[in-house]
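What follows is the residue order along each chain.
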Amino acid sequence: MTVARRAELLTAALRALATCDRDELRRTLTPDVRVWSPELATTTRDELIAALDARDEAFGEVSIDVRPLDVAGMQACAEWTMSTRLVGSIELADGTVLEPNGSEIFLNGVSVADFDGDTIAALRQYWNVASLYAQLGADD
């Protein structure tokens, strides 16, 4: 697989995560993909999709801009900016439930992917959780 193709796959997977595109996740991620972020840790693609299903109705008007930074060997790294709105209730990791308030949320982050052939076998994502909570109104 070419460097350009790995960058395309990572970009597609990140867009699929942001928009809860289950078909694209099945195409770009291995069945045993390990995904970690400040708010989520899963060890299979099905577990990831179930976690996304639990928050699918919470966010609307999702937009993500992905800029691949580096692709070397079987790894790729990308920086991204996402914007969305809180349009449904969501339960945070600590059990707090936030009700929809239409607040606009902006996140900047970095993702690192490990590839297994032509799919992603591990994905680590990093962003500022305190900023996210503040924008959601959960820091009060």
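Refer to the structure presented above.
Sequence order sets the numbering: in each chain, residues are counted from 1 along the sequence as written. Thresholds applied to this predicted model are a pLDDT of at least 70 for local features of residues and 80 or more for the giving and counting of side-chain atom pairs; totals over whole chains, interfaces and linings are not thresholded and use all residues. Water and hydrogen atoms play no part in the side-chain values, which are based on all heavy atoms of the structure.

K.L.:
Where do I start with the layout of surface pockets in this structure?
P.N.:
With a probe scaled to a water molecule rolled over the atoms, the places where space remains empty come into view. Taken as a whole, the largest pocket holds about 740 Å³ of empty space. For each structure, a 1 Å grid was placed over the protein atoms alone; sets of points admitting a 1.4 Å probe that cannot get out are labelled cavities, open sets with protein on both sides within 12 Å along at least five of seven lines are labelled pockets, and lining residues have an atom within 4 Å of a point. Lining the largest pocket are 32 residues, with E39, L52, R55, F59 and W127 sitting closest to its centre. Considering every element that reaches the lining of the largest pocket, the biggest residue donor is helix α3 (residues 45-55), with five residues. Per-class residue counts for the lining of the largest pocket are 24 nonpolar, four polar and four charged. Grid points are joined across faces, edges and corners, and a volume is the space filled by probe spheres set on the points. Put simply, DSSP marks the helices as runs of H or I at least four residues long and the strands as runs of E at least two long, and each gets a number from the N terminus on. Three classes are used: nonpolar for Ala, Val, Leu, Ile, Met, Phe, Trp, Tyr, Cys and Pro, charged for Asp, Glu, Lys and Arg, and polar for all others, with Gly counted as polar.

K.L.:
Would you explain the pattern of salt bridges in this entry?
P.N.:
We define a salt bridge as a contact between a side-chain nitrogen of Lys or Arg and a carboxyl oxygen of Asp or Glu at a distance within 4 Å. Scanning all chains against the criterion turns up nine salt bridges. With a closest N to O distance of 3.8 Å, R67 and E79 form a salt bridge. Of this pair, R67 sits in strand β3 (residues 59-72) while E79 is found in strand β4 (residues 75-86), placing the two residues 12 residues apart along the sequence. Two residues, R85 and E104, come together in a salt bridge whose shortest N-O distance is 3.6 Å. Here E104 lies in strand β7 (residues 104-116) and R85 lies in strand β4, a separation of 19 residues in the sequence. A simple rule labels every residue: compare its accessible area, found with a 1.4 Å probe on the protein chains alone, to the largest value its type can have, and call it buried under 20%, exposed over 50%, or partly exposed in between. Residue R85 is classed as partly exposed on the basis of its relative accessible area, which comes to 25%. Since its relative accessible area comes to 38%, E104 is described here as partly exposed. Beyond isolated ion pairs, a larger network of salt bridges with shared partners links E61, R85 and E104.

K.L.:
How should I be thinking about the sheet that holds β3 in this particular structure?
P.N.:
Two orientations exist for strands paired in a sheet by backbone hydrogen bonds: parallel and antiparallel. Pairing between two strands is assigned when DSSP locates at least 2 bridges connecting them. Read across the sheet, six strands follow the order β2-β1-β8-β7-β4-β3 without closing on themselves; strand pairing throughout is mixed. A strand with exactly one partner marks an edge of an open sheet, and here the two such strands are β2 (40-42) and β3. Here the strands of the sheet are splayed against their neighbours by 25° on average, with no regard to which way each runs. Both β3 and β4 contribute to a ladder of 11 bridges, which runs antiparallel. The residue of β4 that forms the bridge with A72 is Q75. Contacts are residue-level and defined by heavy atoms, with any inter-residue pair within 4.5 Å sufficient. Helix axes are fitted to C-alpha atoms over the stretch in contact, other axes to C-alpha atoms as well, and angles between N-to-C directions run from 0 to 180 degrees. Across the sheet, helix α1 (residues 3-19) touches β1 (29-37), β3, β4, β7 and β8 (119-127), and the angle it forms with β3 is around 160°.

K.L.:
Would you explain the nonpolar core in this entry?
P.N.:
Buried Ala, Val, Leu, Ile, Met, Phe, Trp, Tyr and Cys residues form a nonpolar core when they are joined through side-chain atoms within 4.5 Å. Core analysis: the biggest nonpolar cluster contains 38 residues, and L10, L14, W80, I120 and L123 have the highest contact counts within it. Among the secondary structure elements, those contributing two or more residues to this core are α1, β1, α3, β3, β4, β7, β8 and α4 (129-136). Ranked by residues supplied to this core, first place goes to α1 with eight residues. Those residues in contact with L10 that sit more than four places away from it in its chain are A76, C77, A78, S111, A113, F115, I120 and L123.

K.L.:
I keep staring at the environment of V87 and nothing clicks. Help me out?
P.N.:
For V87, the location among the structural elements is in the loop between β4 and β5 (90-91). Residues V87 and A13, 74 residues apart in the sequence, show an inter-C-alpha distance of 23 Å.

K.L.:
Even after reading the chapter, I still don't get the packing of aromatic side chains, so can you show me in this structure?
P.N.:
The geometry of an aromatic ring pair comes down to the distance between the two centres and the angle between the two planes. Any pair of Phe, Tyr and Trp rings, taking the six-membered ring for Trp, is counted once the centres come within 6.5 Å. Such a pair is stacked with planes under 30 degrees apart, edge-to-face with planes over 60 apart, and tilted for the rest. Per the counting criterion, the structure on display carries two aromatic pairs. Aromatic side chains W36 and Y126 sit 5.3 Å apart centroid to centroid with 50° between the ring planes, which places their arrangement in the tilted category. Residue W36 is located in strand β1, and its partner Y126 is located in strand β8; the two are separated by 90 residues in the primary sequence. Here W36 falls in the partly exposed class, since its relative accessible area comes to 37%. A relative accessible area of 39% means that Y126 is categorised as partly exposed. Here R6 stacks its cationic end above the ring of F115, 5.6 Å away from the centre of that ring. Should the NZ of a Lys or the CZ of an Arg lie within 6 Å of a ring centre and within 35 degrees of the ring normal, that charge is described as sitting over the ring.

Interpretation note: all reported values are geometric properties and have no functional meaning in isolation.
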